[in-house]
Every structure is written in C-alpha cells, then in structure tokens.
Amino acid sequence: MAQDSQDIPSVTPKVALGISGGIAAYKAAEVLRGLQTAGCAVRVAMTKRACEFVQPLTFRALSGAHVIVDDYAPDNPDPIAHITFSQTVDLFLVAPATANIIAKFANGVADDFLTTTYLASNAPVLIAPAMNTTMWHHPATQRNLEVLRSDGVYIIDPDEGEMACGTVGPGRLSQPEKIVAAALEILRSAGGKRTNDLAGEHLLLTVGATREAIDPVRFLSNNSSGRMGFAIAEAASRRGARVTVIAGATAVAAPVNISMIRAYSAEEMYAAVMKHLPEASIFIGAAAVADYRPVQHSLQKIKKTSSSMSLELERTPDILQAVASAEQDKLLVLGFAAETENVLANAREKLQRKSLDAIIANDVTREGVGFDTVTNEVTILSRDSQAPIHVPLIAKTNVADIILDEVVRLRLRVKPFSLSEPGAVATG
Ligand code: CTP
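Residues numbered from 1 in each chain as written. Predicted model: local features only at pLDDT ≥ 70, side-chain atom pairs only at ≥ 80, totals over all residues. Heavy atoms only, no water.

1. Notes on the packing of aromatic side chains
Okay, so step 1: Throughout the structure, instances matching the rule amount to 2 aromatic pairs.
Okay, so step 2: Measuring from ring centre to ring centre gives 6.3 Å for Phe92 and Phe105, while their planes differ by 45°; the resulting arrangement is tilted. Of the two residues, Phe92 sits in strand β3 (residues 91–97) while Phe105 sits in helix α5 (residues 99–107), which places them 13 residues apart along the sequence. Taken as a pair, Phe92 and Phe105 share a single burial class, namely buried.
Okay, so step 3: Clustering of aromatic rings is evident, with ring pairs tying together Phe92, Phe105 and Tyr118. (Phe/Tyr/Trp six-rings, centres within 6.5 Å; stacked < 30°, edge-to-face > 60°. Helix = DSSP H or I, 4+ residues; strand = E, 2+ residues; numbered from the N terminus. Buried < 20%, exposed > 50% of the residue type's maximum accessible area, 1.4 Å probe, protein only.)

2. As for the site of the ligand
Okay, so step 1: In the vicinity of the ligand there are 16 residues, among which Gly285, Ala287, Phe336, Lys350 and Lys354 approach most closely.
Okay, so step 2: Between a nitrogen atom of the ligand and a main-chain N or O atom of Pro317, the distance comes to 2.9 Å.
Okay, so step 3: In isolation the ligand has 570 Å² of accessible area, and contact with the protein removes 78% of it.
Okay, so step 4: Those elements that provide at least two residues to the shell around the ligand are α12 (319–325) and β16 (332–339).
Okay, so step 5: If you tally residues by element for the shell around the ligand, the top one is β16, at 4 residues. (Near = heavy atom within 4 Å. Polar contact = N/O pair within 3.5 Å; in protein donor to acceptor, adjacent residues only side chain to side chain. Areas by Shrake-Rupley, 256 points an atom, 1.4 Å probe, with all protein chains shown as cover.)

3. Considering helix α8 (residues 139–150)
Okay, so step 1: Spanning 12 residues, α8 covers 16 Å between terminal C-alpha atoms, matching the ideal 16 Å at 1.5 Å per step.
Okay, so step 2: Among all positions in α8, only Thr141, Asn144, Leu145, Leu148 and Arg149 are buried. All buried residues of α8 lie within an arc of 140° about the axis, which places them on one face of the element. Exposed residues pointing more than 90 degrees away from the buried face of α8 are listed as Pro139 and Arg143. (Expected span 1.5 Å × (residues − 1). Arc of directions from axis to C-beta.)

4. Quick word on the layout of surface pockets
Okay, so step 1: Here the largest pocket is characterised by a volume of approximately 1300 Å³.
Okay, so step 2: Of all the elements in the fold, those that place two or more residues in the lining of the largest pocket are α8, β5 (154–155), α9 (176–190), β18 (375–382), β19 (389–395) and α14 (396–413).
Okay, so step 3: Grouping the amino acids of the lining of the largest pocket by side-chain chemistry returns 17 nonpolar, 7 polar and 16 charged. (1 Å grid on protein atoms, 1.4 Å probe; cavity = no way out; pocket = protein on both sides within 12 Å on 5 of 7 lines; lining within 4 Å. Points joined across faces, edges and corners; volume = space filled by probe spheres on them. Nonpolar A, V, L, I, M, F, W, Y, C, P; charged D, E, K, R; others polar.)

5. Some details on the confidence of the model for the protein chain
Okay, so step 1: In this model, the protein chain carries a mean pLDDT of 89, and residues with pLDDT of at least 70 account for 93%.
Okay, so step 2: Low confidence marks residues 1–10, where pLDDT is under 50. Its contacts with residues over four positions away, or in another chain, come to 23 contacts.
Okay, so step 3: Per-residue pLDDT stays below 50 along residues 419–428; that stretch engages in 17 contacts with residues further than four places along the chain or on separate chains. (pLDDT = per-residue confidence, 0-100. Contact = heavy atoms within 4.5 Å.)

6. Details of unusual backbone geometry
Okay, so step 1: Here Ala95 and Pro96 are connected by a cis peptide whose omega angle stands at -5°.
Okay, so step 2: Residue position: Pro96 is located in strand β3.
Okay, so step 3: Although it is not a glycine, Glu327 sits at a positive phi angle of roughly 45°.

7. Quick look at the side chain of Arg293
Okay, so step 1: Among the structural elements, Arg293 can be located in strand β14 (residues 292–294).
Okay, so step 2: With a relative accessible area of 18%, Arg293 lands in the buried category.
Okay, so step 3: When sequence neighbours within four positions are dropped, the list of residues in contact with Arg293 reads Glu212, Glu267, Glu312, Leu313, Glu314, Arg315, Thr316 and Pro317.

8. Regarding the side chain of Asn376
Okay, so step 1: Structurally, Asn376 can be placed in strand β18.
Okay, so step 2: There is a polar contact of 3.4 Å between the side chain of Asn376 and the side chain of Asn362.
Okay, so step 3: Ignoring sequence-local partners within four residues, the contact set of Asn376 consists of Met228, Asn362, Gly368, Val369, Gly370, Pro392, Leu393, Ile394, Lys396 and Val399.

9. Section: the nonpolar core
Across soluble globular proteins, nonpolar side chains show a tendency to be buried alongside one another.
Okay, so step 1: Residues Phe59, Leu93, Ile232 and Ile284 are the most contacted members of the largest nonpolar core, which totals 71 residues.
Okay, so step 2: Not counting the four nearest positions on each side in its chain, Phe59 is found in contact with Ile19, Ala25, Ala28, Ala29, Leu32, Val44, Met46, Val54, Gly64 and Val67.
Okay, so step 3: Phe92, Val94, Ala99 and Val125 belong to the second largest nonpolar core, which has 26 residues in total. (Core = buried A, V, L, I, M, F, W, Y, C linked by side-chain atoms within 4.5 Å.)

10. A short note on the sheet that holds strand β11 (residues 242–247)
Okay, so step 1: Taken together, 8 strands build an open sheet; the order of strands is β12-β11-β8-β13-β16-β17-β18-β19 and the sheet is mixed. In the strand order of this sheet, the two ends are held by β12 (259–262) and β19, each with one partner. Strand-to-strand, the axes of this sheet are offset by a mean angle of 20°, without reference to chain direction.
Okay, so step 2: Looking at chain direction, strand β17 (residues 358–363) and β18 are connected through 4 bridges and run antiparallel. (Pairing = 2+ DSSP bridges. Axes fitted to C-alpha atoms, helices over the stretch in contact; angles between N-to-C directions.)

Written out as structure tokens, the structure reads:
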C-alpha cells in the first residue's frame, strides 16, 4: 500500500470522498484513514441512503470537518458547497459507488449534493463500484461504466467473492488499500507536472488506418479509428507541444490546435512523415499501417468476370523503422505493437529490431483493448530498461497522458536537449 507521503506532491493534496448507499459504506472509513495517513486532507460527502448504513458523525469525527449530505440543510456552513467543495479539490473519489450513482454520473443527473458535485468538479474522478453481482453484470450498469470510462473517469473494478447477500461473483468493494493506492497514483500523475511539460517539443504522430487501393472503389484497410492517436495529439497539445498529425482514415473527430495532414496509403504516409521529420523532436507511430499493398492497382473498377481472383501483395515501407534509422539527433521515437500472442516478447523484439526509445504494447484480442474502442490496456517498454509500465483498462484519453509522461521521462533521462540548443526544453 502506497502510504508514503513522499509519493504524492509536497503541497497537501485535497480529496473529496463521496460515499453512496451500499453495505460497503462502512469501508469508506478505512479509505479515509488511508488517505489521511498518506498526507491527504479529506472532506466527506454522503448520499442520504449512505447515511442509513453509516452515520455522518463517524466521518465527521474521522475527518474533523462537516460532512455534507444536503447542501440545502440549514446546518450546512457553506451556501454554495457544491462549487467550493468540488472545485477546490485535487481528486474526487467515490467509494462505494452504487449502480444508482454510476447511472446518475453517466447521465449527468444532478439531484443531490454528491451528483451535483460530480458535474461541478474539474478534478480527476475515481470511483470504486460495489453492488450485487447481477446488478454489476446488468447491461445498463456496464453501459454506464463504459460512458464514464470514455468521459475519463478512473474506475477500480470490484473484487470477486461472497457478497453480503450471499451470492458469489464480482461486486465487492475493492480493498481500501487498493483504492488508496489508486488515488495516490492519480494525485501523483495529476500533481501539476502535466502542465506545459512538453513546451518546446514538436510531436510528429501517425494516426488511423492506411488504405491500400485495389481499384478506384476498393482498398485493403483495418479497424483503426484514430482514437488513441488523436488522444495523444490532444494531450500533447494541452501539455505545450506543437503537434503535427499525419492521418490515414479515421472514424472520430480530430482535436483542435493541431495541424493535420491526410495521407491515406502507407506510401503517402511515409512521404508526409519524411517531409516533416526534420522539424520534429518526438515521433510516435500510432497509425495502423498496412504491411502489404496490392502490386497492381487497377485504374478501372475490376469487373467480376471470373469465379475467383487473387491479389498479389508487396511490402509497404516501414515508416517507424525508417524514422528510427534516420538517427535524427535528440529525436525520441515511440511505436505501438498490436499483438495477439506473446505480447511482451513480440513487443520487446520490435523495440530492439526497430531501435525505438519505447514501445506501447497491447493485446488486441482482449475486450476493450486496441482498435476502435474508447479504452485501452497497454504495457510500455522502454529501451533504457525501466521496468515495464502496465496501464490497466482505462480511457484512451488517460492512457495518452501516461504515454506522454514516459516521453517526458525519456527526454530527461535518455536524450536530454542541451540547454544551449535552439528550441531546447529545460531539463532541470
Ligand atoms: N508501422 C509503420 N509502418 C509500417 C508498419 C508498421 O510505421 N509499414 C508502425 C506502426 O505505426 C506501429 C509499429 O510500426 O507503431 C508496429 O506495428 P505492428 O503492425 O504492430 O508491427 P509490424 O512492425 O508491422 O510487425 P508485424 O506486423 O510483423 O507484427
């Protein structure tokens, strides 16, 4: 359990702990104590139903502050509590989060203090669901969780085991120490270091799926939506980098504040990347580039004159490999490895063969991972043999920031700019 206060930023982090009405509400006391031991200041809000399981007095005694249940109540000391409470905290944590509170968050319902706080908060949100197994498996709950994931909410899946109601399966609140560790991890990564930490960098990024023409109406392609690449582009731009995206086919809207060049085939993408490479300080190959293309590209639509046909394919240029081989000084080069078996071994082999600084591996056979999903689960392997960083299934927008954290680390440790170089970023 990460209870060392040095794990978190030096300024006392403020956590809003929301408690909704489930049998696991009493475990929130342990979460509160764990956060306090780690150096956090914690304020508590409860739903009315939560108060039927545990008295607010318990949390008032532990936190040393008024517990807000109803901000309209005459004893509430703050007339606009949902704003002051939510907008002055570094993390909004809800443990336990019931199916009902999850449904309300997912749909923007704001009919009590806790749900209004969720809408009014600009802090990262972490929820620890706990409910009966059947309710957890219900498509409505799973749909709502999916919405929250794509909204960037961090979710700690419940544990499996025997429930208070006697059924066995997933639904038990995750262990308090795991919840505290996840909260500290979020506080650490959101603790201010993601502000402008890519200033002075120019990120060149490939995104989406390539299309290799067979004839004027047909092509070979893949399922890549461009979500992961665009999430990286958006996060990098927010963190101060100049961003140029070379995009193949994409299924989602591109972020603003970036410059984007369309290049549909691997050959066009290769040419566009090589043209812009000299200005870049970071390259990330997030596109799903076709490895093969038809040798013949018919200029006319191919007619179905025979009962079968075969396509002869040839290799496309490997853009990532070409960028890494260019050995551009100070250029950080990162690639993806979409794998279906021996994920880490294959990714490590690609990292070495292509001489990359880091590779982001994912097992695309797993649900919610890889192509055309809003979530991803990845492992980042770096060439300076840092231990692999495993990123659990979270929104691609959150994965993007963790990948960029690794870029920042590599910049400082592996290829620092010299302070005298033009366009250099501070390394201290
Ligand atoms: N890539 C690329 N150009 C290609 C093929 C792949 O730039 N012609 C990049 C991708 O953008 C990704 C990385 O290489 O960052 C790995 O892609 P992947 O398809 O997983 O691996 P390959 O190198 O193509 O190897 P294989 O298909 O044999 O697994």
